[in-house]
Amino acid sequence: GREIAKCVPDILELLKKNGLDMNNKVCDIGGGTGVLLKHLSTNSKDLICTEVSKAFHEHLLQRVKRDELNNVTCILNTDPHSPQLDKHENSIDLILLCDVYHHLEYPRTMMKHLKSASKSTGKLVIIDFIRNNDVHNSHPAGWIMSHVRANQSTFISEICSAGWVLEQELIHPNARSKLNINTNTNSNSIASTKDIDSPMPMGLVHGIDYIEHLEENYILIFRPMNEEEIGTTPGAGWADTNRNSAY
């Protein structure tokens with residue numbers, strides 16, 4: 001969206017600290033109109049870009065051809081249960097979902113497949129809308145509550161149940177204020193209080209505390225659970241039997 005477009009340089013800086021590298025394979029789930037396409041392509045060894053919309057998929061293919069992005073593979077994702085990354089098992093260094101997670105029909109199942117595609121050292125970065133009318137101003141009043149099915153606490157639980165570990169959660173200070181979140185001003189420490197809508201503490205990611213113009217979104221950064229963690233985590237790797245509307 002427009003807010004994301006304003007923040008591309010800062011988003012890239014964040015991603016470069018979490019696996020976006022000229023030697024790495026990156027996957028953009030839900031590439032959409034391609035706001036990040038060229039930036040991700042020129043900063044990675046290989047880029048996989050998936051998209052469920054035929055129109056957007058065609059648009060992405062046209063941009064790849066026009067800009068000669070020879071390291072990009074575009075996938076038309078026709079399966080709501082899977083990102084269709086079977087050929088890329090245990091090979092992806094960074095997986096990005098930017099304003100996409102809330103659209104997933106079978107989120108836990110998708111996250112389980114993405115974990116299979118990720119390297120054990122890989123990262124999963126989720127950028128999504130804060131589900132709060134006071135925070136969200138770029139659409140008509142009430143839109144955010146009907147468009148986004150749940151808050152980040154629910155999304156975090158879903159993702160962790162599929163075998164991921166939340167490492168960091170970033171929220172803009174203006175959003176924190178509207179959500180009545182207190183922040184620790186010591187830049188070298190994790191925030192001393194917790195987001196009222198999240199089970200995990202917020203903190204710095206290699207010096208990045210928030211993205212300047214990204215006030216309506218939160219950023220979640222995960223790593224894959226290791227085998228020992230999966231064995232001790234109830235429900236880890238669990239898959240959906242119903243669409244997201246059922247819970």
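Participant: What is the right way to look at the sheet that holds strand β2 (residues 46-51) in this model?
Facilitator: The strands that make up a sheet are held in pairs by hydrogen bonds between backbone atoms, and each pair lies either parallel or antiparallel. The mixed open sheet is built from 7 strands, whose spatial order is β3-β2-β1-β4-β5-β7-β6. Pairing within the sheet leaves two strands with one partner each, and these edge strands are β3 (72-76) and β6 (164-171). Between one strand axis and the next, the sheet turns by 15° as a mean value, whatever way the strands run. Sheet topology places strand β5 (residues 118-129) next to strand β7 (residues 217-224); 6 bridges connect them, and they run antiparallel. Counted as the bridge partner of Val125 is Ile221 from β7. Sitting on the sheet, helix α7 (residues 152-161) touches β5, β6 and β7, and the angle it makes with β6 is about 155°.

Participant: Sorry if this is basic, but what is going on with the pairing of β7 here?
Facilitator: The two faces of the sheet receive side chains in turn, since in a regular strand these alternate between them. In terms of burial, β7 is a largely internal element, 7 of the 8 residues being buried. In the sheet, β6 pairs with β7 via 7 bridges, with the strands oriented antiparallel. Bridging across to β7, Glu169 finds its partner in Leu220.

Participant: What is the right way to look at the environment of Val35 in this model?
Facilitator: Relative to the helices and strands, Val35 resides in the loop between β1 (25-29) and α3 (37-42). Filtering out sequence-adjacent residues up to four positions away, Val35 remains in contact with Ala5, Val8 and Arg63.

Participant: What is the right way to read empty space enclosed by the protein from this model?
Facilitator: Where empty space is left becomes clear once a probe the size of a water molecule has been rolled over the atoms. Applying the stated rule across the entire model yields 1 cavity of 30 Å³ or more. Each pocket or cavity is described by its volume, and for the largest cavity that value is around 40 Å³. Among the secondary structure elements, those contributing two or more residues to the lining of the largest cavity are β6 and β7. When grouped by side-chain class, the residues that make up the lining of the largest cavity number 6 nonpolar, 2 polar and no charged.

Participant: Got a minute to help me understand unusual backbone geometry in this structure?
Facilitator: Apart from glycine, the bulk of residues carry a negative phi angle, and the bulk of peptide bonds sit in the trans form. Its identity is not glycine, yet Glu68 carries a phi of approximately 55°, on the positive side. Positionally, Glu68 belongs in the loop between α4 (54-66) and β3. Of note in this structure, Asp99 is not a glycine but carries a positive phi near 55°. Take Asp99: it is sitting in the loop between β4 (92-98) and α5 (107-117). Residue Asp99 is classed as buried on the basis of its relative accessible area, which comes to 13%.

Participant: Which parts of the structure should I look at to understand α4?
Facilitator: A turn of α-helix holds 3.6 residues, and therefore any two residues three or four places apart point the same way. In this model α4 runs 18 Å from its N-terminal to its C-terminal C-alpha over 13 residues, within 8% of the 18 Å that 1.5 Å per residue would give. Within α4 the residues assigned to the buried category are His57, Leu60, Arg63 and Val64. Relative to the axis of α4, the buried residues are bounded by an arc of 125° and lie together on one face. The exposed residues of α4 that point more than 90 degrees off its buried face are Lys54, Ala55, Gln62, Lys65 and Arg66. Where α4 is buried, its residues meet α3, β2 and β3. Between the side-chain oxygen at the start of α4 and the backbone nitrogen of Ala55 there is a gap of 3.3 Å, and the oxygen is on Ser53. Positive phi shows up at Glu68, right after α4, with a value of about 55°.

Participant: Could you clarify how one ought to interpret the layout of surface pockets in this entry?
Facilitator: A volume near 890 Å³ is recorded for the largest pocket. Forming the walls of the largest pocket are 35 residues, and the residues nearest its centre are Gly30, Cys98, Asp99, Val100 and His103. Those elements that place two or more of their residues in the lining of the largest pocket are α1 (2-6), β1, β2 and α6 (143-147). It is α1 that contributes the most residues to the lining of the largest pocket, 3 residues altogether. The class makeup of the residues in the lining of the largest pocket is 13 nonpolar, 15 polar and 7 charged. Approximately 200 Å³ is the volume found for the second largest pocket. Along its surface, the second largest pocket is lined by 13 residues, and Lys115, Lys119, Ser120, Pro224 and Met225 are the ones closest to its centre. At the level of secondary structure, the elements contributing two or more residues to the lining of the second largest pocket comprise α5, β5 and β7. Class assignment of the residues belonging to the lining of the second largest pocket gives a composition of 2 nonpolar, 7 polar and 4 charged.

Cut-off values and rules
- Residues numbered from 1 in each chain as written.
- Predicted model: local features only at pLDDT ≥ 70, side-chain atom pairs only at ≥ 80, totals over all residues.
- Heavy atoms only, no water.
- Pairing = 2+ DSSP bridges.
- Helix = DSSP H or I, 4+ residues; strand = E, 2+ residues; numbered from the N terminus.
- Axes fitted to C-alpha atoms, helices over the stretch in contact; angles between N-to-C directions.
- Contact = heavy atoms within 4.5 Å.
- Buried < 20%, exposed > 50% of the residue type's maximum accessible area, 1.4 Å probe, protein only.
- 1 Å grid on protein atoms, 1.4 Å probe; cavity = no way out; pocket = protein on both sides within 12 Å on 5 of 7 lines; lining within 4 Å.
- Points joined across faces, edges and corners; volume = space filled by probe spheres on them.
- Nonpolar A, V, L, I, M, F, W, Y, C, P; charged D, E, K, R; others polar.
- Expected span 1.5 Å × (residues − 1).
- Arc of directions from axis to C-beta.
- Polar contact = N/O pair within 3.5 Å; in protein donor to acceptor, adjacent residues only side chain to side chain.

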